[in-house]
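Residues per chain are reported as follows:
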Amino acid sequence: MMSSSSSSLCFERRRRRGSSALWLLVSLLRSSSAGGQKRRCAVVLRGLSHGEERGPIDWRASQRSLWESYVEPRRRNGSVVDVYYHTYESPEAKELEARYAPVRCRVTRHFSSSKSRFAAHQTSLLLALETLVPPKEVYDEIFVARFDLLFKSKVTDWRVKDGAFNVAFRDVDRRKHCDVLWLFPGSALPEIVEDLKKILHKPPHRNCCGGELHFYHPKSLALNYMVDGHFSSDTDWPDKFPYNVNPIYVLHRVRGFRPRPGPRPPPAKKKERAISE
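The shown structure was predicted, so the numbers you read here are calculated from the model rather than taken from an experiment. (Residues numbered from 1 in each chain as written. Predicted model: local features only at pLDDT ≥ 70, side-chain atom pairs only at ≥ 80, totals over all residues. Heavy atoms only, no water.)

A. A look at the packing of helix H2 (residues 59–76) against helix H3 (residues 93–100). Two elements in contact, H2 and H3, have axes whose closest approach is 11 Å; the angle formed by their N-to-C orientations is 15 degrees. One finds that H2 runs roughly parallel with respect to H3. Of the two elements, H2 crosses H3, and the hand of that crossing is right-handed. Here H2 contributes Trp 59, Arg 60, Ser 62, Gln 63, Leu 66 and Trp 67 to the contact with H3, which in turn contributes Glu 95, Leu 96, Arg 99 and Tyr 100. Residue composition of the contact of H2 with H3, grouped by class: five nonpolar, two polar and three charged. (Axes fitted to C-alpha atoms, helices over the stretch in contact; angles between N-to-C directions. Helix = DSSP H or I, 4+ residues; strand = E, 2+ residues; numbered from the N terminus. Parallel < 35°, antiparallel > 145°, perpendicular 65-115°, else oblique. Left-handed = near helix turned anticlockwise from the far one by under 90°. Contact = heavy atoms within 4.5 Å. Nonpolar A, V, L, I, M, F, W, Y, C, P; charged D, E, K, R; others polar.)

Put into structure tokens, the structure is as follows:
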């Protein structure tokens, strides 16, 4: 017959083993819960999505390039990537939606006839950010870009700084930076939306060579250039303008700016008629 002292000792051992097992289970649950909080990224696209005027030559090629350069690398790192966009009516709008599979999208009539090209860009961006991305959905990272891009490198190759307003590069005009793509923390979204509203209402810069987005970055975030060097946001006519070649993207659009013609040659001198004597 087991003595009371040995019985209590066995009970104490079992209690300790049970407590250890319970502590281990709680630790595992906590670690799995912490590890299960995946990084959340949002892709926000704006502007023309089809091949009219200055739209993409082949939006399907642009979609594949976006997936290879941003969406898939982020998902391989364990991030959840959601897509949002604003674009304009086209015969391929349904196929576009099926291929991009957005959480939310908005398609409107084109308003370029009533707005300047740069104002149209800003309005499309505001519509995408303000009306599509839910305020309660806090994303760790928001990637804003145009539809008409073919990427030359991947997001993992870029010098992305967490908590900063990341732009592609500094412009050849040192006052400006690239307005084609941005990458910033989702916590800055309300500030950026309010800033865009103010810019549309009263543009702080008036220039003939670029829109307001070339000058913009939110005051709460430091500005970071993802690659070194000075380039134009435009990529047309690289043989004539070497600074139109950047290491991140090419604009895959129907047509771009035509190079300005050089100075006209002086008119040829007319041959004087020989005067017969």
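Here the narrative resumes, following the displayed structure.
B. Summary view of the nonpolar core. Core analysis: the largest hydrophobic core is formed by 32 residues, its most contacted members being Leu 66, Tyr 70, Tyr 100, Phe 143, Leu 181 and Tyr 249. Among the secondary structure elements, those contributing two or more residues to this core are strand E1 (40–46), H2, strand E2 (80–88), H3, strand E4 (141–146), strand E5 (149–151) and strand E11 (249–251). Take this core: its biggest share by element is five residues, from H2. If you look at the next biggest cluster of nonpolar residues, it comprises 26 residues, including Ala 42, Tyr 84, Leu 125 and Leu 221. (Core = buried A, V, L, I, M, F, W, Y, C linked by side-chain atoms within 4.5 Å. Buried < 20%, exposed > 50% of the residue type's maximum accessible area, 1.4 Å probe, protein only.)

C. Spatial organisation of the sheet that holds strand E8 (residues 182–184). The strand order E3-E2-E1-E4-E8-E6-E9 describes an open sheet built from seven strands, whose pairing is mixed. Because the sheet does not close on itself, it has two edges, and the strands there are strand E3 (104–108) and strand E9 (223–225). When the angles between neighbouring strand axes are averaged without regard to direction, this sheet yields 15 degrees. By the bridge criterion, five bridges tie E2 to E3 in an arrangement that is parallel. Across the sheet, the residue bridging to Tyr 84 is Arg 104, located in E3. (Pairing = 2+ DSSP bridges.)

D. Examining the environment of Ser 90 more closely. If you trace the backbone, Ser 90 turns up in the loop between E2 and H3. A relative accessible area of 18% places Ser 90 in the buried class. Between the C-alpha atoms of Ser 90 and Ser 49, which are 41 residues apart in sequence, the distance is 8.4 Å.

E. Main features of the pattern of salt bridges. A complete count under the given rule lists 12 salt bridges for this structure. Between Arg 39 and Asp 162 there is a salt bridge whose closest N-O contact spans 3.8 Å. In this pair, Arg 39 sits in the loop between helix H1 (4–35) and E1 while Asp 162 sits in the loop between E5 and strand E6 (165–167), placing the two residues 123 residues apart along the sequence. The residue Asp 173 makes a salt bridge to Arg 175 at a minimum N-O spacing of 2.7 Å. Asp 173 gets classed as partly exposed once you look at its relative accessible area, which sits at 25%. (Salt bridge = Lys/Arg side-chain N within 4 Å of Asp/Glu carboxyl O.)

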